[in-house]
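Commentary on secondary and tertiary structure
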There are 2 protein chains.
Amino acid sequence: MNKENNCPLHYTMNLIGTKWKPLLLFHLLEGDLRSGVLQKKIPEISNKMFTQTVRDLEKDGLITRTIFPVVPPKVEYGLTSRGQSLEGILRSLDKWGLEDCKNS
Amino acid sequence: MNKENNCPLHYTMNLIGTKWKPLLLFHLLEGDLRSGVLQKKIPEISNKMFTQTVRDLEKDGLITRTIFPVVPPKVEYGLTSRGQSLEGILRSLDKWGLEDCKNS
DNA sequence: CCGCATCCTAGACGATACTG
DNA sequence: CAGTATCGTCTAGGATGCGG
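What this report covers is the structure whose coordinates are included nearby. Remember, it's a predicted structure, so these values are computed and weren't measured experimentally.

Conventions we followed
Residues numbered from 1 in each chain as written. Chains lettered and ligands numbered in written order. Predicted model: local features only at pLDDT ≥ 70, side-chain atom pairs only at ≥ 80, totals over all residues. Heavy atoms only, no water. Core = buried A, V, L, I, M, F, W, Y, C linked by side-chain atoms within 4.5 Å. Buried < 20%, exposed > 50% of the residue type's maximum accessible area, 1.4 Å probe, protein only. Contact = heavy atoms within 4.5 Å. Near = heavy atom within 4 Å. Polar contact = N/O pair within 3.5 Å; in protein donor to acceptor, adjacent residues only side chain to side chain. Helix = DSSP H or I, 4+ residues; strand = E, 2+ residues; numbered from the N terminus. Nonpolar A, V, L, I, M, F, W, Y, C, P; charged D, E, K, R; others polar. Salt bridge = Lys/Arg side-chain N within 4 Å of Asp/Glu carboxyl O. Axes fitted to C-alpha atoms, helices over the stretch in contact; angles between N-to-C directions. Parallel < 35°, antiparallel > 145°, perpendicular 65-115°, else oblique.

**Here's the deal with the nonpolar core**
With 62 residues, the main nonpolar core has A:L24, A:L25, A:I63, B:L24, B:L25 and B:I63 as its most contacted residues. Excluding residues within four positions of it along the chain, B:L25 makes contact with B:I16, B:L57, B:L62, B:I63, B:L79, B:L86 and B:L90.

And the structure:
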């Protein structure tokens, strides 16, 4: 478990509970994506936050980052099995948001 | 839907994606709780954040706040139906954290 | 018992400009 | 095309103490 907290729920939130992480992961559920393509799926994200978030996710072992040594540069992102295991949560979050809108 | 964003997932995260909100909601799944009791379920939370978070949740219609006009003061919190509808998500987050710990 | 007010810090987030 | 660097803002969050 983690250091400061012994609650599984909190532990999960510490991993994916930021503004952009769930969104990035969600889009990768459909399959691996080039950096530019992934970023364009979320037009509102700044370049900085994209890179930073993606690096965090890689560090935590939720996504992979593959660099192709070609010109122009090519980088692809994909889910690890650990990242893939979040699918249920991500789809629940998406679905709930959808449902909730209809009722408000 | 919300203003700045047209993504359901993001919409949900905006509602419950803070440090303490999911935790508070999770504990209320078991039933209504007095303020002090609820707060003691999360020893690490500061008094300020407890009040602030609970007010946010009330404002968003996820929990109810009932004041009993007695001395000493008594306040109870409980889930609204909208809050209750988050149960699936909350339990998923908890369950995932539990599973993930075992594998790491 | 419950909550409010205040002061404070860390870091999340954004805009812009620049490199291989 | 992909990522870095820098600078700036804003808010989440914490510590402490007061008041009904």
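**Here we look at the protein's contact with DNA strand D**
Around DNA strand D there are 18 residues in total, and A:S35, A:G36, A:R65, B:K19 and B:K48 lie nearest to it. Within 4 Å of the protein, the contacting atoms of DNA strand D are 65% sugar and phosphate, with bases supplying the remainder. Residue A:R65 places a side-chain N or O atom 2.8 Å away from a phosphate oxygen belonging to DNA strand D. When residues of the surface near DNA strand D are traced back to their parent elements, those giving at least two are α3 (35-40), α4 (47-59) and β3 (74-79) of chain A together with α4 (47-59) of chain B. Ranked by the residues each element gives to the surface near DNA strand D, the list is headed by α4(A), at four residues. Residues belonging to the surface near DNA strand D are distributed by class as follows: seven nonpolar, five polar and six charged.

**A few points about the pattern of salt bridges**
Overall, the coordinates contain 10 salt bridges over all chains when judged by the stated rule. With a shortest N-O distance of 3.7 Å, A:K102 and A:E99 are connected by a salt bridge. Of this pair, A:K102 and A:E99 are both found in helix α6 (residues 87-102), three residues apart, which corresponds to roughly one turn of the helix. When its relative accessible area of 37% is taken as the criterion, A:E99 is described as partly exposed. In this structure, B:E87 and B:R91 form a salt bridge, with 2.8 Å as the shortest nitrogen-oxygen distance. With a gap of four residues between them, B:E87 and B:R91 both fall in helix α6 (residues 87-102), about one helical turn apart. Of the residues examined, B:E87 reaches a relative accessible area of 28% and is grouped as partly exposed. We classify B:R91 as partly exposed; its relative accessible area is 34%. Each of A:E30, A:E87 and A:R91 takes part in salt bridges that share partners, so that together they form one network.

**Section: the packing of α6(A) against helix α1 (residues 8-16) of chain B**
Between α6(A) and α1(B), the shortest axis-to-axis distance is 7 Å and the interhelical angle comes to 90 degrees. Looking at the two axes, α6(A) sits roughly perpendicular to α1(B). Taking contact as the criterion, the partners of A:L90, A:L93, A:D94, A:W96, A:G97, A:L98, A:D100 and A:C101 in α6(A) are, on α1(B), B:P8, B:L9, B:Y11, B:T12, B:M13, B:L15 and B:I16. In terms of residue class, the contact of α6(A) with α1(B) is built from 11 nonpolar, two polar and two charged.

Everything listed here is a matter of coordinates, which is why it stays silent on function.
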